Amino acid sequence: MTVIIGLTGGIASGKSTVSRMLEARGFPIIDADVAAREAVKPGQKALEEIEAAFGQEVIQPDGMLDRAKLGSIVFHDDEKRKTLNGIVHPAVRSWMNGKKEEYIQNGSNTIILDIPLLFESKLTYMADKVLLVYVDEKTQLHRLMERNGLSESEASARIHSQMPLKQKVELADAVIDNNQSLDHTESQLADILGSWNLTP
Ligand SMILES: CC(C)(COP(=O)(O)OP(=O)(O)OC[C@H]1O[C@@H](n2cnc3c(N)ncnc32)[C@H](O)[C@@H]1O)[C@@H](O)C(=O)NCCC(=O)NCCS
Ligand SMILES: Nc1ncnc2c1ncn2[C@@H]1O[C@H](COP(=O)(O)OP(=O)(O)OP(=O)(O)O)[C@@H](O)[C@H]1O
């Protein structure tokens, strides 16, 4: 029976960092952010629905979604973010389920679902166990500003559009403290993989 692990956290808490460590150990990763980018490629229904809902201003001259523009709208407006989620999330779920079936067919023992909004979108039913990548808010803000070149207010708006990470700690089956070095993160990951007896 294939074990499904939900990998989650908050924006810039270190999910991709941990999923790269898992990938390096041979675990298949299904990334919701990748699914969300696939869903809004030119020609996809979701992109047409986004244009209908948000206007031409969020579409670049080359027909691609203007992610920065749309982000500047939805991370400051809960209702508009709900509209976007309603358009994109069904396509994300169906893409992830398709990939999951492929890996199950290929005989994977364990599949990692990297889902930033696992708790917010009530997707815990998709996972047998949930692994949270935790970081304190100050570090999260600094790393997000640094990585994305965002102002403090833009970064803070993104962080506060999600469930507080502290709240997610209580809901997860295991937590990786990603506040310190990458080695420290990796050694916690190794311990969890061992205690859960997970193989790729
Ligand atoms: C708003 C968009 C265009 C901004 O694109 P951008 O390239 O700046 O960010 P990217 O997609 O790489 O997401 C970065 C991180 O932002 C956070 N985030 C993204 N979307 C959301 C959302 N709707 N609500 C809360 N947090 C979000 C996640 O932590 C994600 O890992 C994009 O995030 C998007 O299409 N979001 C809607 C789809 C979605 O909810 N994706 C999250 C995974 S399911
Ligand atoms: N332990 C660490 N020490 C220092 N920097 C780190 C550590 N872990 C992650 N980072 C850096 O913090 C930033 C956010 O990490 P990462 O991209 O893995 O987060 P994420 O949760 O995948 O973000 P998103 O929600 O946007 O997908 C990156 O620039 C990454 O290199």
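Residues numbered from 1 in each chain as written. Chains lettered and ligands numbered in written order. Predicted model: local features only at pLDDT ≥ 70, side-chain atom pairs only at ≥ 80, totals over all residues. Heavy atoms only, no water.

1. Some points on the UniProt feature "binding site: ATP" (unreviewed entry) in the protein chain
- In the numbering adopted here, UniProt assigns the feature "binding site: ATP" (unreviewed entry) to Ala-12, Ser-13, Gly-14, Lys-15, Ser-16 and Thr-17. Of the residues annotated just before, the largest pocket has Ala-12, Ser-13, Gly-14, Lys-15, Ser-16 and Thr-17 among its lining.
- With respect to the element layout, Lys-15 can be found in helix α1 (residues 15–24).
- Classification of Lys-15 as buried rests on a relative accessible area of 7%.
- When residues no more than four places from it in sequence are discounted, the contact partners of Lys-15 are Leu-7, Thr-8, Gly-9, Gly-10, Asp-114, Pro-116 and Val-133.
- Residue placement: Thr-17 occurs in helix α1. (UniProt positions renumbered as here; feature names shortened; annotations may be inferred. 1 Å grid on protein atoms, 1.4 Å probe; cavity = no way out; pocket = protein on both sides within 12 Å on 5 of 7 lines; lining within 4 Å. Helix = DSSP H or I, 4+ residues; strand = E, 2+ residues; numbered from the N terminus. Buried < 20%, exposed > 50% of the residue type's maximum accessible area, 1.4 Å probe, protein only. Contact = heavy atoms within 4.5 Å.)

2. With respect to the domain arrangement of the protein chain
- By domain assignment, the protein chain separates into domain 1 (1–28 + 110–200) and domain 2 (33–107).
- Taking only C-alpha atoms into account, the centre of domain 1 sits 21 Å from that of domain 2.
- With 17 residues of domain 1 at the contact, the number on the domain 2 side is 13 residues.
- Joining domain 1 to domain 2, the criterion identifies zero salt bridges.
- Our count for the domain 1 to domain 2 interface comes out at one residue pair in polar contact (both at pLDDT 80 or more).
- Only β3 (110–114) and α7 (152–159) provide two or more residues apiece to the side of domain 1 that touches domain 2. (Domains from an automatic or database assignment. Salt bridge = Lys/Arg side-chain N within 4 Å of Asp/Glu carboxyl O. Polar contact = N/O pair within 3.5 Å; in protein donor to acceptor, adjacent residues only side chain to side chain.)

3. Overview of the site of ligand 1
- Contacts to ligand 1 come from 17 residues, most closely from Asp-33, Arg-67, Asn-85, His-89 and Gln-162.
- The separation between an oxygen atom of ligand 1 and a polar side-chain atom of Arg-67 is 2.8 Å.
- A distance of 2.7 Å is found between an oxygen atom of ligand 1 and a side-chain nitrogen or oxygen belonging to His-89.
- For ligand 1, whose unbound accessible area comes to 760 Å², protein coverage reaches 91%.
- Elements with a minimum of two residues in the shell around ligand 1: α2 (32–39), α4 (67–74) and α5 (78–105).
- Looking at the shell around ligand 1 element by element, the count peaks at five residues for α5.
- Residue classes in the shell around ligand 1 are distributed as eight nonpolar, four polar and five charged.
- Here the shell around ligand 1 spans two domains, and each of domain 1 (1–28 + 110–200) and domain 2 (33–107) adds at least three residues to it. (Near = heavy atom within 4 Å. Areas by Shrake-Rupley, 256 points an atom, 1.4 Å probe, with all protein chains shown as cover. Nonpolar A, V, L, I, M, F, W, Y, C, P; charged D, E, K, R; others polar.)

4. Here's the deal with the environment of Phe-119
- For Phe-119, the position within the fold is in the loop between β3 and β4 (129–134).
- The class of Phe-119 is buried, set by a relative accessible area of 9%.
- Separated by 43 residues in the primary sequence, Phe-119 and Gln-162 have C-alpha atoms spaced 9.4 Å apart.
- Every residue in contact with Phe-119, bar those within four places of it in the chain, is listed here: Thr-8, Thr-124, Val-130, Met-163, Lys-168, Leu-171 and Ala-172.

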